[in-house]
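# Residue-level structure breakdown
Residue-level listing of the chains:
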Amino acid sequence: MRNSEITILIVVLGITSYAMRAGGYLLARFIRDDGNFARLLRLAPGNLFVAFVSAGCLSGGRPMLIGGGVALATMAITTREWAAVGAGFLAAMIASSTGI
Amino acid sequence: MAMTISNQRRDPDQLSPFTVAELRRGFVAALPFILSNGTAGAVMGLTYKGLGLGFAQSVSFSLVVYSATAQAIVVSLWKLPLPVVAMVVACAATNSRYLIMGAHLRKMYGVVRQRDILPTLFLLADASWLMATADSARNRPDPGYLLGTSLPMAIGWIGGTAIGYACPGAAGIPLGKVAAMLPIIFIVTLLPSQWRGYRTAGPWMVSALIALLCAPFLGASWSMLIGGGCGTLVSALRSGDA
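All names here are of chain B. Enumeration over the complete set of coordinates arrives at four salt bridges over all chains. Across the pair Arg 25 and Glu 22 runs a salt bridge, and its minimum N-O distance is 2.7 Å. Note that Arg 25 and Glu 22 are positioned in helix α1 (residues 20-29) at a spacing of three residues, about one turn of the helix. According to the relative accessible area criterion, Arg 25 is partly exposed, its value standing at 32%.

Counting residues in hydrophobic clusters, the biggest one holds 79 residues, and the most contacted among them are B:Phe61, B:Trp78, B:Leu105 and B:Ile187. Aside from chain neighbours lying at most four places away, what touches B:Leu105 is A:Tyr25, B:Gly110, B:Leu121, B:Leu124, B:Trp129 and B:Leu146.

What follows deals with helix α6 (residues 97-109) of chain B. An α-helical turn contains 3.6 residues, so any two residues separated by three or four positions project in the same direction. All names here are of chain B. Taking 1.5 Å of rise per residue, the 13 residues of α6 would be expected to cover 18 Å, and the 19 Å separating its terminal C-alpha atoms lies within 8% of that figure. With 12 of 13 residues buried, α6 is to be regarded as a mostly interior element. Along α6, the residues that are buried comprise Arg 97, Tyr 98, Leu 99, Ile 100, Met 101, Gly 102, Ala 103, His 104, Leu 105, Arg 106, Met 108 and Tyr 109.

Time to look at the state of the cysteines. This model, assessed by the stated rule, comprises zero disulfides over all chains. Looking at the unpaired B:Cys230, the closest cysteine sulfur is the one in B:Cys214, lying at 7.2 Å.

On to the confidence of the model for chain A, then. The predicted coordinates should not be examined in detail at positions where pLDDT is low. Considering every residue of chain A, the mean pLDDT works out to 84; 93% of them sit at 70 or more. Across chain A, the element-wise mean pLDDT spans from 83 in helix α3 (residues 81-98) of chain A up to 93 in helix α1 (residues 3-26) of chain A.

Looking now at a nonpolar patch on the surface. Residues and elements named next belong to chain B. Among the surface-exposed residues, Val 85, Val 89, Phe 217, Leu 218, Trp 222 and Ile 226 lie close enough to one another that they form a single nonpolar patch of about 600 Å² accessible area. Of all elements in the fold, only α5 (84-94) and α11 (201-237) reach the threshold of two or more residues within the nonpolar patch. Looking at which element gives the most residues to the nonpolar patch, the answer is α11, with four residues. Among the structural elements, Phe 217 can be located in helix α11.

Here the focus is the packing of α1(A) against α6(B). Running from N to C, α1(A) and α6(B) point in directions that differ by 35°, and their axes come no closer than 6 Å. Crossing of α1(A) against α6(B): the hand is right-handed. Residues A:Ala19, A:Met20, A:Arg21, A:Gly23, A:Gly24 and A:Tyr25 of α1(A) form the contact with α6(B), whose participating residues are B:Tyr98, B:Leu99, B:Gly102, B:Ala103, B:Leu105 and B:Arg106. Looking at the contact of α1(A) with α6(B) residue by residue, the class counts come to seven nonpolar, three polar and two charged.

By secondary structure assignment, the location of B:Ala29 is in helix α1. In sequence terms B:Ala29 and B:Gly148 are 119 residues apart; their C-alpha atoms lie 8.4 Å from each other.

Looking at where B:Ala208 falls in the secondary structure, it is placed in helix α11. Under the relative-accessibility criterion, B:Ala208 is labelled buried at 16%. For the pair B:Ala208 and B:Gly231, spaced 23 residues apart in the sequence, the C-alpha separation amounts to 8.2 Å. For B:Ala208, the contacting residues outside a window of four places in its chain are A:Val50 and A:Ser54.

Quick look at the side chain of B:Gln71 now. When you line up the elements, B:Gln71 lands in helix α4 (residues 68-76). Filtering out sequence-adjacent residues up to four positions away, B:Gln71 remains in contact with B:Met44, B:Tyr48, B:Phe61, B:Ser62, B:Val65, B:Tyr66 and B:Trp157.

Below, the discussion takes up the interface of chain A and chain B. Facing the 61 residues of chain A at the interface are 88 residues of chain B. Buried area between chain A and chain B, summed over both chains or domains, comes out near 6800 Å², and the portion from carbon and sulfur atoms is 76%. The interface formed by chain A and chain B includes zero salt bridges. Our count for the contact surface shared by chain A and chain B stands at nine residue pairs in polar contact (both at pLDDT 80 or more). Broken down by secondary-structure element, the contributors of at least two residues to the side of chain A that touches chain B are α1, α2 (36-78) and α3 of chain A.

Rules behind the numbers
- Residues numbered from 1 in each chain as written.
- Chains lettered and ligands numbered in written order.
- Predicted model: local features only at pLDDT ≥ 70, side-chain atom pairs only at ≥ 80, totals over all residues.
- Heavy atoms only, no water.
- Salt bridge = Lys/Arg side-chain N within 4 Å of Asp/Glu carboxyl O.
- Helix = DSSP H or I, 4+ residues; strand = E, 2+ residues; numbered from the N terminus.
- Buried < 20%, exposed > 50% of the residue type's maximum accessible area, 1.4 Å probe, protein only.
- Core = buried A, V, L, I, M, F, W, Y, C linked by side-chain atoms within 4.5 Å.
- Contact = heavy atoms within 4.5 Å.
- Expected span 1.5 Å × (residues − 1).
- Disulfide = S-S within 2.5 Å.
- pLDDT = per-residue confidence, 0-100.
- Patch = residues over 30% accessible without salt bridge, like charges linked within 9 Å, V, L, I, M, F, W, Y side chains within 5 Å.
- Areas by Shrake-Rupley, 256 points an atom, 1.4 Å probe, with all protein chains shown as cover.
- Axes fitted to C-alpha atoms, helices over the stretch in contact; angles between N-to-C directions.
- Left-handed = near helix turned anticlockwise from the far one by under 90°.
- Nonpolar A, V, L, I, M, F, W, Y, C, P; charged D, E, K, R; others polar.
- Buried area = accessible area lost by both parts, 1.4 Å probe.
- Polar contact = N/O pair within 3.5 Å; in protein donor to acceptor, adjacent residues only side chain to side chain.

And the structure:
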């Protein structure tokens, strides 16, 4: 993997991210908060996240399921992202190293 | 994320002030994010180290892309040769929520000088948008406040990535496992913010089922996009935002 490939990837992803951030502001006259397109954009992330987690748990096996479950429970209780990431990650690592 | 839209909006043709006082007030209000974003950023730094990226590349990722969700998704798709198209599509799809946030900001602030708003939008984050939206219901909307709240979040995330990468204790951690587990755990923590009640369950089950069926044949990247796309379509065909 060449450094130039990674640099190009970072630039392309950076442009994509900024286009999303600035695009909404610049195109605001054409997007209605209550329009169908706006609704589709609101619905997409949650469904993508679920699909992503499902496929990831399938490949990661039991440690990934345990880590994900602990992260979800911690997030539901504390509503603190950093606490949920830490707890879930720790649980997954323990499960992986102990062969659960 | 619950899209709570403030009722306080400006005349679309009125020039909105961008004040240093509001920038300072937003910065102070968001200071705790240096710690929380720094923690998550440090884990991302460890992950990049596990993938074999250099220090400058790792920090550049967090600086230029500056999206924890998109970065986590991209890391999960990492393989050789790099699936660039899938990565860009996933990045755009996961960040599409910023289109709505940006459109809402335009309506909330009215006209803002481009030299003020365009750099501010570069640092737009979910939490800074929420803080600015909530604040606009109590105070006069000011884009300076949005930039002020965004800065500690960016400092935490980018600085955390650098610290995590440079952390000497990282030598004892199986970094390959870190790289595989972190993105999924990170995305799991975002799920509660996307839950809109029991009506969300159906589309989410469709997303999960299609992704699980596709994963053995198409790999993680395309199964996510196809599964998520099917779930989104099911959601869109029903009434309401669930």
